[in-house]
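Each chain, written out:
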Amino acid sequence: MPWNFNENSPIYQQIIEHIKLSIAVGEYKAGDKLLPVRELAAVAEVNPNTMQKALSELEREGLVYSQRTSGRFITGDTEKISELRRILADEQMEWFITKMGQLGFTAEEAVTELEKHIKGEKE
């Protein structure tokens, strides 16, 4: 997944979201070792201190853990990863319902439109 940053939120927050999404979609699997901070920062084209801040936050959330001499790893807790997927899915659904509401659709109408779209029944 490419690292695309915008000016709407701090870069470290965007890094956190990028890594969370990478975990949720299976790009990073439970127990995978992450690149060292400097290498990961170089890949993302960000300052190593910014990457360190993002990884520290992911550690606080329990999605990443450190082993003193071996580096950082994605959590092995598959339930935590499943919970992350549910949270991210819920955020997307909330966004969809909100946007559809701004267009004047009720939640029920939005669901109906989504079902039509999935089935290829666009009007």
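Owing to the predicted nature of the structure, the values given are computational and were not obtained by experimental measurement. Along each chain, numbering runs from 1 in the same order as the chain's sequence is written. Local features are withheld for residues below a pLDDT of 70 in this predicted model, meaning they are given only at 70 or higher, and side-chain atom pairs are given and counted only at 80 or more; totals for whole chains, interfaces and linings count all residues. Side-chain calculation: all heavy atoms of the structure are included, whereas hydrogens and water are not.

Tell me about the pairing of strand β1 (residues 64-67), and please be specific about residues and values.
Any two strands with at least two DSSP bridges between them are considered paired. Every helix listed is a DSSP run of H or I at least four residues long, and every strand listed is a run of E at least two residues long, numbered separately from the N terminus. As paired strands, β1 and strand β2 (residues 71-74) are joined by four bridges and run antiparallel to one another. Paired with Y65 across the strands is F73, a residue of β2. Between β1 and β2, which follow one another and run antiparallel, lie three residues.

Lay out the packing of helix α1 (residues 11-24) against helix α3 (residues 48-60) in plain terms, naming residues and giving numbers.
Remark: α1 packs on α3, axes separated minimally by 9 Å, with the N-to-C direction vectors making an angle of 55°. The angle between α1 and α3 places the two elements in the oblique class. Considering only the axes of α1 and α3, their crossing is right-handed. Listed contacts from α3 to I11, Y12, I15, I16, I19 and K20 of α1 are T50, M51, K53, A54, L55, E57 and L58. Residues are grouped as follows: Ala, Val, Leu, Ile, Met, Phe, Trp, Tyr, Cys and Pro are nonpolar; Asp, Glu, Lys and Arg are charged; every other residue, Gly included, is polar. A breakdown of the residues in the contact of α1 with α3 according to their chemical character gives nine nonpolar, one polar and three charged. Only the contacting stretch of a helix is used when fitting its axis, a line to C-alpha atoms as for every element, and angles between N-to-C directions run 0 to 180 degrees. Each angle is binned into one of four classes, with values under 35 degrees roughly parallel, values over 145 roughly antiparallel, values of 65 to 115 roughly perpendicular, and all other values oblique. The sense of a crossing depends on the near helix, which, turned anticlockwise from the far helix by less than a right angle, makes the crossing left-handed and, turned clockwise, makes it right-handed. A contact between two residues is defined here by any heavy atoms of the two lying within 4.5 Å.

Give me the nonpolar core: which residues, what numbers.
By convention a nonpolar core is built from buried Ala, Val, Leu, Ile, Met, Phe, Trp, Tyr and Cys residues, the set being connected through side-chain atoms within 4.5 Å. Each residue's exposure class comes from its accessible area (1.4 Å probe, protein chains only) as a fraction of the maximum for that residue type: buried when under 20%, exposed when over 50%, partly exposed otherwise. Counting residues in each nonpolar core, the largest one holds 23 residues, and the members touching the most others are I19, I23, M51 and L55. Among the elements of the structure, α1, α2 (37-44), α3 and α4 (78-102) are those that each provide at least two residues to this core. Ranked by the residues each element gives to this core, the list is headed by α1, at five residues. Beyond its immediate chain neighbours, meaning those up to four positions away, I23 contacts Y28, L63, I74, I81 and L84.

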